[in-house]
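Listed below are the residues making up each chain.
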Amino acid sequence: MPSIGVFDSGVGGLTVVRALRRRLPAESFLYLGDTARLPYGTKSARTVARYTERNVSHLVDRGVKAIVVACNSASATGLAHLDSPVPVWGVIEPGARTAAERCATSVGVIATEATVRSGVYERAIMAHRPKLEVTSRACPLFVPLVEEGWEADGVAEAVARRYLTPLVRRGIDTLVLGCTHYPLLSPVLARVAGNNIQLIDSAEAIAETVAASLEELSLRAQERDGPHRLLVTDDSPRFGRLARRILGPDAELEQVDLLV
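Definitions and limits used
Residues numbered from 1 in each chain as written. Predicted model: local features only at pLDDT ≥ 70, side-chain atom pairs only at ≥ 80, totals over all residues. Heavy atoms only, no water. Pairing = 2+ DSSP bridges. Helix = DSSP H or I, 4+ residues; strand = E, 2+ residues; numbered from the N terminus. Axes fitted to C-alpha atoms, helices over the stretch in contact; angles between N-to-C directions. Contact = heavy atoms within 4.5 Å. 1 Å grid on protein atoms, 1.4 Å probe; cavity = no way out; pocket = protein on both sides within 12 Å on 5 of 7 lines; lining within 4 Å. Points joined across faces, edges and corners; volume = space filled by probe spheres on them. Nonpolar A, V, L, I, M, F, W, Y, C, P; charged D, E, K, R; others polar. Buried < 20%, exposed > 50% of the residue type's maximum accessible area, 1.4 Å probe, protein only. Right-handed = clockwise from strand over helix to strand, strands pointing away. Phe/Tyr/Trp six-rings, centres within 6.5 Å; stacked < 30°, edge-to-face > 60°. pLDDT = per-residue confidence, 0-100. Parallel < 35°, antiparallel > 145°, perpendicular 65-115°, else oblique. Left-handed = near helix turned anticlockwise from the far one by under 90°.

K.L.:
Whenever I open this one, the sheet that holds strand β7 (residues 174–178) confuses me. Can you help?
P.N.:
Sheet strands line up and pair through hydrogen bonds in the backbone, either parallel or antiparallel. Here four strands make up an open sheet; going across it, the order is β6-β5-β7-β8 and the pairing parallel. With one partner strand each, in any of the chains shown, β6 (133–138) and β8 (198–201) form the two edges of the open sheet. Each adjacent strand pair in this sheet contributes to an overall mean axis angle of 25°, direction not counted. With five bridges connecting them, strand β5 (residues 106–111) and β7 associate as parallel partners. Across the sheet, the residue bridging to Ala-111 is Gly-178, located in β7. Along the sheet, helix α6 (residues 120–128) contacts β5, β6 and β7; its crossing angle with β6, the most-contacted strand, is approximately 160°. The sheet contacts of helix α8 (residues 154–169) involve β5, β6 and β7, and relative to β6 the element is tilted by about 165°.

Written out as structure tokens, the structure is:
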């Protein structure tokens with residue numbers, strides 16, 4: 001049975017792969033980290049859409065049966081006009097639906113500049129509950145902190161306090177982690193946000209969506225017949241180190257060139 005393709009701009013999307021593996025243990029995954037062009041969150045919508053199209057095309061050429069866009073910036077701006085021969089799911093709608101279901105009165109969304117600029121989370125959450133108050137805040141320093149492996153550092157906590165304090169003061173009770181890098185900062189984010197604010201990680205929500213859809217489409221594997229594989233557009237010891245920490249040692253790493 002072919003693999004499920006997953007892509008993100010860097011290592012953050014591996015948190016989605018981890019959730020998918022827990023939910024779908026019989027599936028194998030082909031992950032593409034576009035590390036040569038990260039971060040996507042500071043790029044224009046047009047550029048992110050072009051990168052998204054190229055990544056999807058490469059995964060399709062590799063023979064995947066379905067694709068998860070494990071990048072909020074690409075899900076927000078790169079999927080509108082995407083033409084794919086295989087099913088494609090973005091991470092925003094499942095996370096937004098979960099937030100709308102669990103929130104009491106007010107939702108905060110932290111994400112990249114591109115995702116916040118698109119307004120996609122506000123629209124998706126309010127489509128489920130129009131009267132909810134939704135406040136978004138761009139947190140551009142979080143991705144490089146994670147990519148540097150500094151998520152447990154005092155610098156990360158100082159930055160988190162700077163970003164989250166205005167949201168906490170607004171009285172939010174739910175915080176959506178609107179970037180797949182951010183779950184790696186969950187301990188510090190939970191500490192800064194406090195016990196009265198629940199964190200929503202869309203990785204678990206997208207895993208449920210993918211499992212249900214594969215069943216519906218008769219694409220679900222019954223037994224794994226290949227290894228998990230990781231593709232990167234710029235190999236680095238940092239990516240390998242973080243990948244092993246998130247997924248463990250049982251994945252093959254390969255560098256590919258998508259820059260043309």
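K.L.:
How do you make sense of empty space enclosed by the protein when you look at a structure like this?
P.N.:
One way to see where empty space is left: roll a probe the size of a water molecule over the atoms. Scanning all chains against the criterion turns up two cavities of 30 Å³ or more. The volume enclosed by the largest cavity comes to roughly 60 Å³. Lining the largest cavity are Asp-8, Ser-9, Pro-39, Tyr-40, Gly-41, Cys-71, Ser-73, Thr-112, Val-143, Cys-179 and His-181. In the lining of the largest cavity, the residues fall into five nonpolar, five polar and one charged.

K.L.:
Help me understand the pairing of strand β2 (residues 29–33), please; the structure alone is not making it clear to me.
P.N.:
Regular strands show a simple pattern: their side chains alternate between the two faces of the sheet. When you tally the buried positions in β2, you get five out of five residues, the bulk of the element. For the crossover from strand β1 (residues 4–8) across helix α1 (residues 14–23) to β2, the handedness is right-handed. Relative to strand β9 (residues 228–232), β2 runs parallel, the two sharing four bridges. When the sheet's bridge partners are listed, Tyr-31 is paired in β9 with Leu-230.

K.L.:
Quick question: what am I supposed to make of the packing of aromatic side chains here?
P.N.:
Under the criterion given, the structure shown has three aromatic pairs. Their ring planes at 50° and their centres at 5.3 Å tell us that Tyr-40 and Tyr-51 sit as a pair that is tilted. Of this pair, Tyr-40 sits in the loop between β2 and α2 (45–61) while Tyr-51 sits in helix α2, and the two are eleven residues apart along the sequence. With a relative accessible area of 1%, Tyr-40 lands in the buried category. Taking relative accessible area as the criterion, Tyr-51 reaches 11% and is therefore assigned buried.

K.L.:
Which parts of the structure should I look at to understand unusual backbone geometry?
P.N.:
If a residue is not glycine, its phi is most likely negative; likewise, a peptide bond is most likely trans. Of note, the amide linkage connecting Leu-38 to Pro-39 takes the cis form, showing an omega dihedral of -5°. Among the secondary structure elements, Pro-39 is positioned in the loop between β2 and α2.

K.L.:
Quick question: what am I supposed to make of the confidence of the model for the chain here?
P.N.:
The predicted structure's coordinates, where accompanied by low pLDDT, should not be read in detail. This prediction gives the chain a mean pLDDT of 92; 98% of its residues lie at or above 70. Strand β3 (residues 66–69) holds the highest mean pLDDT among the elements of the chain, 98, whereas strand β10 (residues 251–255) holds the lowest, 80.

K.L.:
Explain the pairing of β7 here, please?
P.N.:
Among the five residues of β7, five are classified as buried, and the element is accordingly described as predominantly covered. Bridge count for β7 against β8 is four bridges, and the pairing is parallel. Among the inter-strand pairings, Leu-175 is bridged to a residue of β8, identified as Leu-199. Remark: the β7/helix α9 (residues 186–193)/β8 crossover connection has right-handed handedness.

K.L.:
Teacher, can you tell me more about the packing of α8 against α9 here?
P.N.:
Helix-helix packing is described using two parameters, namely the angle between the two axes and the distance between the axes. In the contact formed by α8 and α9, the axes pass within 9 Å of each other and the chain directions differ by 45°. Taken together, the axis directions place α8 and α9 in an arrangement best described as oblique. Relative to α9, α8 is oriented so that their crossing is right-handed. Contact residues: Ala-156, Glu-157, Ala-160, Arg-161, Leu-164 and Val-168 in α8; Val-188, Leu-189, Arg-191, Val-192 and Ala-193 in α9. Broken down by class, the residue content of the contact of α8 with α9 amounts to eight nonpolar, no polar and three charged.

K.L.:
How should I be thinking about the packing of helix α4 (residues 92–102) against α6 in this particular structure?
P.N.:
With their axes 8 Å apart at the nearest point, α4 and α6 run at an angle of 50° to one another. In terms of orientation, α4 lies oblique with respect to α6. The element α4 and its partner α6 pack so that their crossing is right-handed. Every residue of α6 that contacts α4 at Ile-92, Glu-93, Ala-96, Arg-97, Ala-99 and Ala-100 is listed here: Val-120, Tyr-121, Ala-124, Ile-125 and His-128. Within the contact of α4 with α6, the residues separate by chemical class into eight nonpolar, one polar and two charged.

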